[in-house]
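Residue-level structural notes
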Amino acid sequence: MSQNMQPPSVKSLLSNGAKKRTSSHALPTWLLHISLLLISFCLLLPFYWVLKTSFTGENIFIYPPSLIPQDPHPFFYIDTWYYIPFARYLFNSVVVSVLAIVANVVFNAMAAYALTKHFKGKSLVITLLLSCLMIPFQTTIVPAYLITGKIGLLNSYLGVALPTFSTIVCIFIYKASFDAIPTSLIEAARIDGLSELQVILKIMIPLSSSAVASNVILSFIWSWNNFLWPLIVIRDPLMQTLPLGLSRFLSYHENTTGALYAFCTMVLVPGIIIFLMAQKEFIRGLTSGATKG
Amino acid sequence: MKKLFTFLRSRFVIIPLAIAIPVGAWNIYITQHADGVVYGQVLTADGLPVAGVTITMMEKNFTTNSERGKVVSATDGHFIFTNNRSHNIQLRASKQGYSESEQKVVRLYFKSQNVTLKEPLVITPNQDKP
């Protein structure tokens with residue numbers, strides 16, 4: 001009798017297990033969707049409120065608050081665009097962000113490639129890098145300012161972007177991605193006569209598109225939102241970036257709720273667009289090293 | 001070549017293009033319609049055109065209004081400014097023997113936008129005048 005019985009296949013076992021798990025533990029789909037909708041509503045409400053106020057200029061303390069905008073118009077955006085040098089601030093922010101992105105993509109890849117090699121003191125270097133993560137930027141501002149001043153980069157784009165040229169988190173994102181690339185591929189490239197730099201540029205970076213996307217997004221967001229360092233380094237009002245412009249805007253003008261919210265929206269929008277554009281790569285880049293044993 | 005086409009069809013190209021094209025078109029539109037012309041008419045409350053009315057144009061900033069020009073209305077009550085350089089102006093009509101019009105706020109979508117006022121400036125004769 002036992003000889004007639006066929007052992008269950010792995011596939012059927014897996015599917016049975018999956019069904020049991022689904023039936024016993026998983027939430028009903030409709031409940032899950034409602035929960036997600038509620039959470040999304042709570043998370044998106046402040047953004048909606050900013051957007052709504054930027055079109056209506058209504059007092060944010062008005063009671064009862066209304067969800068639907070009344071008499072919306074785009075003039076707060078137009079005022080913001082013209083009353084302050086918004087285009088100039090935007091240009092400054094873009095230049096600084098582009099510098100930071102290019103530098104992050106290149107320098108972090110180099111640093112991460114070095115960390116994939118075996119050398120004496122590698123674990124010490126990694127420990128040092130990780131421990132540097134615990135040092136807040138505020139504590140390094142004075143030496144950073146003195147160094148930037150010594151090399152004559154105060155009040156310049158390069159000076160603003162310099163501290164964000166390489167970030168440790170991004171190095172480790174690259175490292176996780178580079179570790180997943182087979183060593184045989186690198187050896188084959190070396191046999192073909194590629195230098196280390198060419199290996200990085202022609203093999204490692206093209207095979208780590210998710211890590212590149214993560215680097216681009218993170219460095220963009222950090223440099224875009226950077227406030228403290230530009231505040232210290234920049235003296236010329238026309239060299240200010242958007243966060244500084246926002247602060248200046250607040251100090252100059254009162255009772256301009258609509259224009260202020262329009263400014264906030266205009267500052268936020270580029271970051272949101274870039275994130276939405278590259279979110280797939282961004283999430284893949286952040287999780288690429290997560291399952292590695 | 002295939003990679004290039006794939007890249008050109010990706011969202012990293014399409015989304016910036018989708019933003020850049022309307023922005024470019026808007027800027028072209030602005031260059032074609034930014035001569036600073038403000039055209040309007042002054043009428044009495046009865047709807048009659050008034051000649052010789054002085055119309056003052058003020059440029060509004062966040063906190064201040066500053067005078068930018070004056071013109072006089074023609075016999076049919078029409079007036080025209082050709083030197084507006086702002087996007088937020090206010091107009092006021094005045095004439096001896098008439099009460100001053102309300103200060104009319106004109107919001108424009110870009111600086112120096114050519115605009116024809118949909119509603120006229122209204123002035124009323126003073127009652128105490130003969």
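Residues numbered from 1 in each chain as written. Chains lettered and ligands numbered in written order. Predicted model: local features only at pLDDT ≥ 70, side-chain atom pairs only at ≥ 80, totals over all residues.

Turning our eyes to something else, we now look at the overall build of chain A. Scanning chain A for helices and strands turns up 14 helices and zero strands. Starting at the N terminus and walking to the C terminus, you meet the elements of chain A as α-α-α-α-α-α-α-α-α-α-α-α-α-α. The buried share among the 293 residues of chain A stands at 28%. Put simply, 79% of the contacts in chain A that link residues at least 6 apart link residues at least 24 apart. (Helix = DSSP H or I, 4+ residues; strand = E, 2+ residues; numbered from the N terminus. Buried ≥ 20, exposed ≤ 12 C-beta atoms within 10 Å, placed from the backbone. Contact = placed C-beta atoms within 7 Å.)

On to the overall build of chain B, then. Regarding its fold elements, chain B presents two helices and nine strands. Along chain B, from the amino end to the carboxyl end, the secondary structure elements read α-α-β-β-β-β-β-β-β-β-β. Against the globule reference of 14 Å for 130 residues, chain B gives a C-alpha radius of gyration of 22 Å, more extended than a compact globule. Judged by the C-alpha coordinates and their principal axes, chain B covers about 85 × 30 × 20 Å. Looking at chain B as a whole, 19% of its 130 residues qualify as buried. Taking as baseline every contact in chain B between residues at least 6 positions apart, the subset at least 24 positions apart corresponds to 62%. (Rg over C-alpha atoms; globule rule 2.2 N^0.38 Å.)

Take the domain arrangement of chain A next. All names here are of chain A. Taken as a whole, chain A is organised into domain 1 (13-73) and domain 2 (76-287). Look at where the C-alpha atoms of domain 1 and domain 2 centre, and you get two points 31 Å apart. Between domain 1 and domain 2, the contact holds eight residues from the first and eight residues from the second. In terms of residue class, the side of domain 1 that touches domain 2 is built from three nonpolar, five polar and no charged. (Domains from an automatic or database assignment. Nonpolar A, V, L, I, M, F, W, Y, C, P; charged D, E, K, R; others polar.)

All right, on to the interface of chain A and chain B then. Interfaces are often sized by the accessible area lost when the parts come together. Each side of the interface is counted separately: chain A has nine residues, and chain B has ten residues. For the side of chain A that touches chain B, the elements supplying multiple residues, two or more each, are α3 (75-83) and α14 (257-287) of chain A. For the side of chain A that touches chain B, the element with the highest residue contribution is α3(A), accounting for five residues.

Residue and element names in this part refer to chain A. Packing of helix α4 (residues 86-116) against helix α8 (residues 168-179) leaves a shortest axis separation of 8 Å and a crossing angle of 55°. One element, α4, and the other, α8, form an angle in the oblique class. The two elements α4 and α8 meet at a crossing, and its hand is right-handed. Where α4 abuts α8, its residues Asn104, Asn108, Ala109, Ala111, Ala112, Tyr113, Leu115 and Thr116 lie against Cys170, Ile171, Tyr174, Lys175, Phe178 and Asp179. Looking at side-chain class alone, the contact of α4 with α8 contains nine nonpolar, three polar and two charged residues. (Axes fitted to C-alpha atoms, helices over the stretch in contact; angles between N-to-C directions. Parallel < 35°, antiparallel > 145°, perpendicular 65-115°, else oblique. Left-handed = near helix turned anticlockwise from the far one by under 90°.)

Residues and elements named next belong to chain A. In this structure, Ala109, Tyr174, Val216 and Ile217 are the most contacted members of the largest nonpolar core, which totals 34 residues. Elements with a contribution of two residues or more to this core: α4, α7 (157-161), α8, α10 (196-204), α11 (209-225), α12 (228-233) and α14. No other element matches the eight residues that α11 contributes to this core. (Core = buried A, V, L, I, M, F, W, Y, C linked by C-beta atoms within 7 Å.)

Let us now look at the sheet that holds strand β2 (residues 54-60) of chain B. Each strand in a sheet pairs with its neighbour through backbone hydrogen bonds, running either in the same direction (parallel) or in the opposite one (antiparallel). Residue and element names in this part refer to chain B. Spatial strand order, β3-β2-β5-β7: four strands in an open sheet with antiparallel pairing. Every other strand in the sheet has two partners, leaving β3 (65-72) and β7 (104-107) as the edge strands with one partner each. Strand-to-strand twist in this sheet, taken as the mean axis angle between neighbours without regard to direction, amounts to 25°. Here β2 pairs with β3 via seven bridges, running antiparallel. Bridge pairing links Met58 to Glu67 in β3. (Pairing = 2+ DSSP bridges.)

This part takes up the domain arrangement of chain B. What the domain assignment reports for chain B is domain 1 (2-32) and domain 2 (38-125). Domain 1 of chain B and domain 2 of chain B are separated by 40 Å when their C-alpha centres are compared.

With 17 residues, α11(A) should cover 24 Å at 1.5 Å per step; its first-to-last C-alpha distance of 24 Å lies within 8% of that length. Most of α11(A) sits inside the fold, with 13 of its 17 residues counted as buried. (Expected span 1.5 Å × (residues − 1).)

Let's shift gears to helix α2 (residues 11-32) of chain B. A rise of 1.5 Å per residue sets the reference length of α2(B), with its 22 residues, at 32 Å; its end C-alpha atoms lie 31 Å apart and thus fit the reference within 8%. The element α2(B) is largely exposed, with a buried count of zero among its 22 residues.

Turning our eyes to something else, we now look at unusual backbone geometry. Positive phi is not limited to glycine here, since Asn155(A) has a value of about 60°. Within the secondary structure, Asn155(A) sits in the loop between α6 (141-150) and α7. Accessibility expressed as a C-beta count within 10 Å gives 14 for Asn155(A), which makes it partly exposed. At Ser112(B), a position not held by glycine, the phi torsion is positive, near 65°. The class for Ser112(B) is partly exposed, based on 19 C-beta atoms found within 10 Å.

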